[in-house]
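# An overview of the molecular structure
The residues making up each chain are set out below.
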Amino acid sequence: MRTRTRLLAALSATVLLATACGEDSEPDPMRDQQWALDALKLPDAWGETKGDDTVIAVVDTGADLDHPDLKGRLVDGHDFVDGDDEPKDMNGHGTHVSGIAAAHTDNGVGIAGGAPGAKIMPVRVLGAGGTGDNADITKGIVWAADHGADVINLSLGESGLMARLLKGGVLNQAIAHAHDKGAVVVAAAGNEGTALQPYKVDTPVLVVGASDQDGKPADFSNFGAQQAVSAPGVGILSTLPTYRTKETLKDDSGYGELDGTSMAAPYVSAVAALLHQQDRTPDQIMAAIRGTAKNPDGLAKLGLGIVDAKAAAAKD
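In this text, all values refer to a predicted model and were calculated from it rather than measured experimentally. (Residues numbered from 1 in each chain as written. Predicted model: local features only at pLDDT ≥ 70, side-chain atom pairs only at ≥ 80, totals over all residues. Heavy atoms only, no water.)

Right, let's talk about the sheet that holds strand β5 (residues 151-154) for a bit. Strand order in the open sheet made by the 7 strands is β3-β4-β2-β5-β6-β7-β8, with parallel pairing throughout. In the strand order of this sheet, the two ends are held by β3 (78-79) and β8 (229-232), each with one partner. Pairing of strand β2 (residues 55-60) with strand β4 (residues 119-124) involves 6 bridges; the strand directions are parallel. The residue of β4 that forms the bridge with I56 is I120. Sitting on the sheet, helix α8 (residues 261-277) is in contact with β2, β5, β6 (184-188), β7 (206-211) and β8, with an inclination near 125 degrees to β7. (Pairing = 2+ DSSP bridges. Helix = DSSP H or I, 4+ residues; strand = E, 2+ residues; numbered from the N terminus. Contact = heavy atoms within 4.5 Å. Axes fitted to C-alpha atoms, helices over the stretch in contact; angles between N-to-C directions.)

Bringing the pattern of salt bridges into the picture now. Scanning all chains against the criterion turns up 9 salt bridges. In this structure, D38 and R31 form a salt bridge, with 2.7 Å as the shortest nitrogen-oxygen distance. Given a relative accessible area of 45%, D38 falls into the partly exposed group. The exposure class of R31 is partly exposed, given its relative accessible area of 21%. Salt-bridge contacts for R124 lead to D79; the nearest nitrogen and oxygen are separated by 2.9 Å. (Salt bridge = Lys/Arg side-chain N within 4 Å of Asp/Glu carboxyl O. Buried < 20%, exposed > 50% of the residue type's maximum accessible area, 1.4 Å probe, protein only.)

Relative to each other, α8 and helix α9 (residues 282-292) sit at 125 degrees, their axes nearing to 10 Å. Classified by the angle between their axes, α8 and α9 sit oblique to one another. With respect to the hand of their crossing, α8 and α9 are arranged in right-handed fashion. Taken together, the residues of α9 that come into contact with α8 (itself represented by V268, V271, A272, L275 and H276) are I285, A288 and I289. (Parallel < 35°, antiparallel > 145°, perpendicular 65-115°, else oblique. Left-handed = near helix turned anticlockwise from the far one by under 90°.)

Right, dumping it as structure tokens:
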């Protein structure tokens, strides 16, 4: 995650009223600011699938459990930092990632999620400062897989995940375990702007770099991972906690923009959720996402290319 943040104005009285009334078929008022949904052709894919009955585990800093755009989208999670079952986000990063993946859509509130029918499993492995250790991250991945996660999102570049994967070790084993349990594991490439192969070649993980609004590689995005793909990661609007945290020191309106491969990864997790509803296996899902990614100019820093949700979800 990078820290360029532009928090938006507080929710209007109309939006709050829609929440109170439980309306579930009104356009999301901030939808027109979500350029990334259209860049990935996600709305075009929703005619085929919305990711119903799919659980996306966000192994991160937790979530704002009462956020109006996330409440009702969450299944039971766990907090490995405090050792309890209330993974409340005291940083903001996990809430942002969660909204990108599966915020309420067409409910008259805030933004639209990438997989409108999916659920979020918040698994807190990072503390208020956005850092964590190998043991908690490993436990979080395994716990999510063992508790029914279909997709596991790892937007953990700033916690040193990439360096740990590069060295091998237990995280590779945890990811392999998740794959064996039937989960697709999606990981952010990291934000150092360097070329690296961050995981063992045989580790079943889909690494995601960041692209900008012009379809070019983001200058901060790592690249070079085998069979990596790209997704929008610049100026990404999503949910943020409605209380004060590291990411909401100036404004706790509940929404804002962040940059990073951390934002690109949950878009790809959303696409994986769409494909999961189509009864595809993890290997089939990763193959479809990789096989339909677009890189018309052959830019090496985009890897296989920018993900195309419509093409990936198209039935043979």
